[in-house]
Amino acid sequence: MNKAAIIKAIKEKKSFLSIGLDTDITKIPKHLLSYDNPVLEFNKQIIDATADLCISYKINTAFYECNGLKGWESLIKTYQYLPKNTFSIADAKRGDIGNTSSMYAKAFFDESASEMSFDSVTVAPYMGKDSVSPFLAFKDKWVILLALTSNEGSHDFQRLKDHDAMLFEHVIKKSQEWATDENMMYVVGATRGEAFLEIRKHAPHHFLLVPGVGAQGGSLADVCKYGMTTDCGLIVNSSRAIIYASNGEDFAEAAREQALLVQQEMAAELQKIGIS
Ligand SMILES: O=C(O)c1cc(=O)[nH]c(=O)n1[C@@H]1O[C@H](COP(=O)(O)O)[C@@H](O)[C@H]1O
């Protein structure tokens, strides 16, 4: 899915919501445990209930990898169930020396090898250009590079100052030598408020993946106030607040209700930039 298609989906659905399928078997409703693959069943019902309200699904691979073979099966089958007109994110936070990164890229982008061909994968920038480039070698795929994350520990390294700029700013500036706003996005936590102003100085046109609304308490209004562009420029993710809205038999409808609330807030924000 290219940038124009993402913008088209935002306009059509009046939404820039990504739903995070951070599916934990200990948190899903008990009645699903009788299914052969409870995680897959949960994901399918969540997807069916929310697909018209979001433009993207983010699958955090940790929640699948921790379950070994069965987990990888759920990951692959969930990927295959995603509606084709949604932007798929493998939230795997990979990155290693070049030849190893090539294998990670193959794992998430090369359907003939892994049965999965996500639109994008999250990548850690710490190891630099040769660790990121193998992901960029895949045509029409995106790298979503960690820039300023939502967690407490983001202060440990990302905000260290060197030559008048913080590390996350160096990441954003330097990485633009390797990629464009057509194949790279940046992760910026929703809990970062006014920092979006700094980010936009360095990346005025890039899409940002913004996790941290909902369970982590980030403000959608602030994210939009400081981070939105004329094309929207944002994909805002919420995982737990939507998928675990209820752990009863009504879990899918409850997820839909939560997603609808976020989508309605997003529609109002989009109206401010003339998308209505
Ligand atoms: O890359 C991410 O997606 C990510 C970056 C970040 O800075 N903060 C962050 O929470 N995430 C992910 O976004 C999701 C947030 O989940 P909730 O807090 O449940 O909405 C999880 O999958 C996190 O791993």
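Here is what the cut-offs are and how they apply
- Residues numbered from 1 in each chain as written.
- Predicted model: local features only at pLDDT ≥ 70, side-chain atom pairs only at ≥ 80, totals over all residues.
- Heavy atoms only, no water.
- UniProt positions renumbered as here; feature names shortened; annotations may be inferred.
- Patch = residues over 30% accessible without salt bridge, like charges linked within 9 Å, V, L, I, M, F, W, Y side chains within 5 Å.
- Areas by Shrake-Rupley, 256 points an atom, 1.4 Å probe, with all protein chains shown as cover.
- Salt bridge = Lys/Arg side-chain N within 4 Å of Asp/Glu carboxyl O.
- Helix = DSSP H or I, 4+ residues; strand = E, 2+ residues; numbered from the N terminus.
- Core = buried A, V, L, I, M, F, W, Y, C linked by side-chain atoms within 4.5 Å.
- Buried < 20%, exposed > 50% of the residue type's maximum accessible area, 1.4 Å probe, protein only.
- Contact = heavy atoms within 4.5 Å.
- Axes fitted to C-alpha atoms, helices over the stretch in contact; angles between N-to-C directions.
- Parallel < 35°, antiparallel > 145°, perpendicular 65-115°, else oblique.
- Left-handed = near helix turned anticlockwise from the far one by under 90°.
- Nonpolar A, V, L, I, M, F, W, Y, C, P; charged D, E, K, R; others polar.
- Lys, Arg positive; Asp, Glu negative; His and termini not counted.
- Charge placed at Lys NZ, Arg CZ, Asp CG, Glu CD.
- Pairing = 2+ DSSP bridges.
- Right-handed = clockwise from strand over helix to strand, strands pointing away.

Under the annotation held in an unreviewed UniProt entry, the protein carries the name Orotidine-5'-phosphate decarboxylase and is attributed to Pedobacter aquae. Under the UniProt heading Catalytic activity (unreviewed entry), the entry covering the protein gives this text: "orotidine 5'-phosphate + H(+) = UMP + CO2". Check the Sequence similarities (unreviewed entry) section of the UniProt entry for the protein; it says "Belongs to the OMP decarboxylase family. Type 2 subfamily."

**Q** Help me understand a nonpolar patch on the surface in this model?
**A** Taken together, the side chains of Ile97, Tyr126 and Met127 define a hydrophobic patch exposed on the protein surface, amounting to about 380 Å² of accessible area. In this structure, Met127 sits in the loop between strand 4 (120-123) and helix 7 (129-136).

**Q** It is not clear to me how the nonpolar core should be interpreted in this structure. Could you clarify?
**A** Grouped burial of nonpolar side chains is what soluble globular proteins tend to show. Membership of the largest hydrophobic core comes to 86 residues, with the highest contact counts inside it found for Ile6, Phe16, Leu21, Leu234 and Val236. Excluding residues within four positions of it along the chain, Phe16 makes contact with Ile10, Ile55, Leu220, Cys224, Met228, Cys232, Leu234, Ile235, Val236, Met266 and Leu270.

**Q** I'm lost on the side chain of Thr78 in this one. Help?
**A** For Thr78, the position within the fold is in helix 4 (residues 68-81). Residue class for Thr78 comes out buried when judged on its relative accessible area of 1%. Discounting residues that sit within four places of it in the chain, Thr78 has contacts with Leu21, Leu40, Asn43, Ile47, Ile59 and Tyr64.

**Q** Would you take a moment to explain the packing of helix 9 (residues 167-175) against helix 10 (residues 195-202) for this structure?
**A** Relative orientation and spacing of two packed helices are given, respectively, by the angle between their axes and the distance between those axes. Where helix 9 meets helix 10, the closest approach of the two axes is 9 Å, and the angle between their N-to-C directions is 30 degrees. In terms of their interaxial angle, helix 9 and helix 10 are classed as roughly parallel. For helix 9 against helix 10, the interelement crossing comes out right-handed. Facing Phe168, Glu169, Ile172 and Lys173 of helix 9, the residues of helix 10 in contact are Glu198, Ile199 and His202. Across the contact of helix 9 with helix 10, the residue classes tally to 3 nonpolar, 1 polar and 3 charged.

**Q** Please clarify how the UniProt feature "domain: Orotidine 5'-phosphate decarboxylase" (unreviewed entry) in the protein should be interpreted in this entry.
**A** In the numbering used here, UniProt assigns the "domain: Orotidine 5'-phosphate decarboxylase" (unreviewed entry) feature to residues 16-255. With 39% helix and 19% strand, residues 16-255 has its two end C-alpha atoms placed 16 Å apart.

**Q** Would you take a moment to explain a negative patch on the surface for this structure?
**A** On the surface, Glu249, Asp250, Glu253 and Glu257 cluster together into a negatively charged patch. Secondary-structure assignment places Asp250 in the loop between helix 12 (240-243) and helix 13 (251-272).

**Q** I tried to follow the pattern of salt bridges on my own but got confused; where do I start?
**A** Here the idea is simple: oppositely charged side chains can pair when their charged atoms come close. What the rule picks out here adds up to 13 salt bridges. The salt bridge partner of Glu65 is Arg94, with a shortest N-O separation of 3.2 Å. On the criterion of sequence distance, the pair formed by Glu65 in helix 3 (residues 62-65) and Arg94 in strand 3 (residues 87-94) is long-range, its members being 29 residues apart. Judged by its relative accessible area of 12%, Arg94 is buried. Put simply, Lys174 and Glu177 hold a salt bridge, and the shortest N to O gap is 3.0 Å. Each of Asp36, Lys70, Glu73 and Lys77 takes part in salt bridges that share partners, so that together they form one network.

**Q** Would you explain the pairing of strand 9 (residues 208-211) in this entry?
**A** What you see with strand 9 is no split at all: Leu208 and Val210 on one side and Leu209 and Pro211 on the other are buried throughout. Relative to strand 9, strand 8 (residues 184-188) runs parallel, the two sharing 2 bridges. Note that in strand 9 the partner of Val187 across the bridge is Leu209. Crossover strand 8 to strand 9 through helix 10 is right-handed. Each parallel crossover has a hand, and the one from strand 9 via helix 11 (residues 220-227) to strand 10 (residues 234-238) is right-handed.

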